[in-house]
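A structural walkthrough
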Amino acid sequence: MLDILSKIFTLNGMGHLLPLIWLTAAGLLLSKMPMKHEYVCGQKKKNWYTFNAVLLVLPLILWSAFRGYIGDTYVYKQTFINAPATIPAMLDSLTADTKDPGFVVLTTLFKVLGVSDYRVFFLIIAAFQMVAIALVFRKYSPSYWISIFLFVASTDYISWMFNGMRQFIATTMIFGAFELMVRRKHLAFTIVVLLAAQIHGSAIIMLPLAFLMQGPAMNKKTILMIAGTAVILPIIDRFMPFLNELLSDTQYSTTMTDEIWTVDDGTHPIRVLVYSVPALLALVGRRYVRMENDPAMNLCVNASLITTAIYLVSMVTSGIYVGRLPVYTTFYGYMSLPWVIDAVFERDSARVIKCVMIVCYLGFFYIQMHSTW
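As a starting point, this report considers the structure included with it. What you see is a predicted model, and the numbers here were worked out from it, not measured in a lab.

Examining the overall build of the chain
Each helix and strand counted, the chain has 21 helices and 2 strands in total. With 373 residues in all, the chain has 50% of them scored as buried. Residue pairs in contact within the chain that sit at least 24 positions apart in sequence constitute 76% of those at least 6 positions apart. A total of about 17,700 Å² of accessible surface is found on the chain, and carbon and sulfur atoms cover 66% of it.

Side note on helix 12 (residues 186–199)
Between its first and last C-alpha, helix 12 extends 20 Å over 14 residues, near the 20 Å set by a 1.5 Å rise per residue. Considering only its buried residues, helix 12 is in contact with helix 6 (101–112), helix 10 (165–175), helix 11 (178–182) and helix 13 (206–213).

Some thoughts on the packing of helix 17 (residues 269–284) against helix 19 (residues 295–316)
Helix 19 packs onto helix 17 with a crossing angle of 150 degrees between their chain directions and a minimal axis gap of 8 Å. With respect to each other, helix 17 and helix 19 are oriented roughly antiparallel. For the element pair helix 17 and helix 19, the recorded crossing hand is left-handed. Here helix 17 contributes Pro269, Arg271, Val272, Tyr275, Ser276, Pro278, Ala279, Ala282 and Leu283 to the contact with helix 19, which in turn contributes Val301, Ser304, Leu305, Thr307, Thr308, Tyr311, Leu312 and Met315. The residue makeup of the contact of helix 17 with helix 19, split by class, is 12 nonpolar, 4 polar and 1 charged.

Considerations on the pattern of salt bridges
Counted under the stated rule, the structure contains 7 salt bridges. Of the charged contacts, one joins Arg138 and Glu38 as a salt bridge, the two residues approaching to 3.1 Å between their closest N and O atoms. Within this pair, whereas Arg138 is found in helix 7 (residues 118–140), its partner Glu38 is found in strand 1 (residues 36–40), the two being separated by 100 residues in sequence. One salt bridge in this structure joins Arg183 and Glu179, with 2.8 Å as the shortest N-O distance. We classify Glu179 as partly exposed; its relative accessible area is 25%. Each of Lys36, Glu38 and Arg138 takes part in a single network of salt bridges with overlapping partners.

What counts and what doesn't
Residues numbered from 1 in each chain as written. Predicted model: local features only at pLDDT ≥ 70, side-chain atom pairs only at ≥ 80, totals over all residues. Heavy atoms only, no water. Helix = DSSP H or I, 4+ residues; strand = E, 2+ residues; numbered from the N terminus. Buried < 20%, exposed > 50% of the residue type's maximum accessible area, 1.4 Å probe, protein only. Contact = heavy atoms within 4.5 Å. Areas by Shrake-Rupley, 256 points an atom, 1.4 Å probe, with all protein chains shown as cover. Expected span 1.5 Å × (residues − 1). Axes fitted to C-alpha atoms, helices over the stretch in contact; angles between N-to-C directions. Parallel < 35°, antiparallel > 145°, perpendicular 65-115°, else oblique. Left-handed = near helix turned anticlockwise from the far one by under 90°. Nonpolar A, V, L, I, M, F, W, Y, C, P; charged D, E, K, R; others polar. Salt bridge = Lys/Arg side-chain N within 4 Å of Asp/Glu carboxyl O.

Structure, rendered in structure tokens:
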């Protein structure tokens, strides 16, 4: 069965277009299905039924699980094959290597529970990642289909679910806890972040970022952060020794002197621009966004500003290291973007803007797949 699924869902040649084709066809059909009325943050909304929402992303899960050797897939395959198969062996491994122990525990638990094929491991991980994203989008996004489309067309789907799996497990753990942020369950959210940091140490960055996200959209904290970023960018090189000292005695202690860092020319400006669109549009329509004062969208808009700030820094430093950090805040922008468009523009104008947005993201997808990669 696994061999058959592998042959069907391994993306070869122009196969990278299949997710977009599926989203277009299935999205048009499922978006016409009956909706569920729910109260979200005190406001009545029409949301997709959970079954339909999961159905839309089911092929995305399968394409990720049986993706072939894209990115660091082979490394994760070998990591799973060589992972400890017993609890005592796991404890010995943890004693020998303290880097991201949660991932060692996770792979061992799969083996202890009888999972021996790495493709099953990939399938379960992909299902967790995609369903976590889908459930948050379904509940909080004003347009579930558009949010999923942006996730795929931005190439984040391929960048993270086909690659960078360990960091993306941590990312989706935190993103799946979005409701804890909305309800201000700070202790519970902190516990989730600390658990995610055991999978990938960089997840700890969400503790200060979550603090910046709290409060009204574009509050003094986030505006000060953007202003500070603008001031720091021209003199960023002066902060490198400080960052090197800060990272000493951690798993990232060799980051600043790593050969990758020295040859890395930073995140491409086009990518920075694309990921800054939600924040830029929110800044333009700040008055309308502040009038709406939606608790969930306030978090998302502030996260978009944080995404922009980090990407600006990565543009002049490292796209490989710093450029991987915005993944913790990027997905909130995929909810805020359609919401900001609806808040700022009249209904007919909003439809036109959304069409332009879709065309632009498709253009970015083409550039990324055919030129950059």
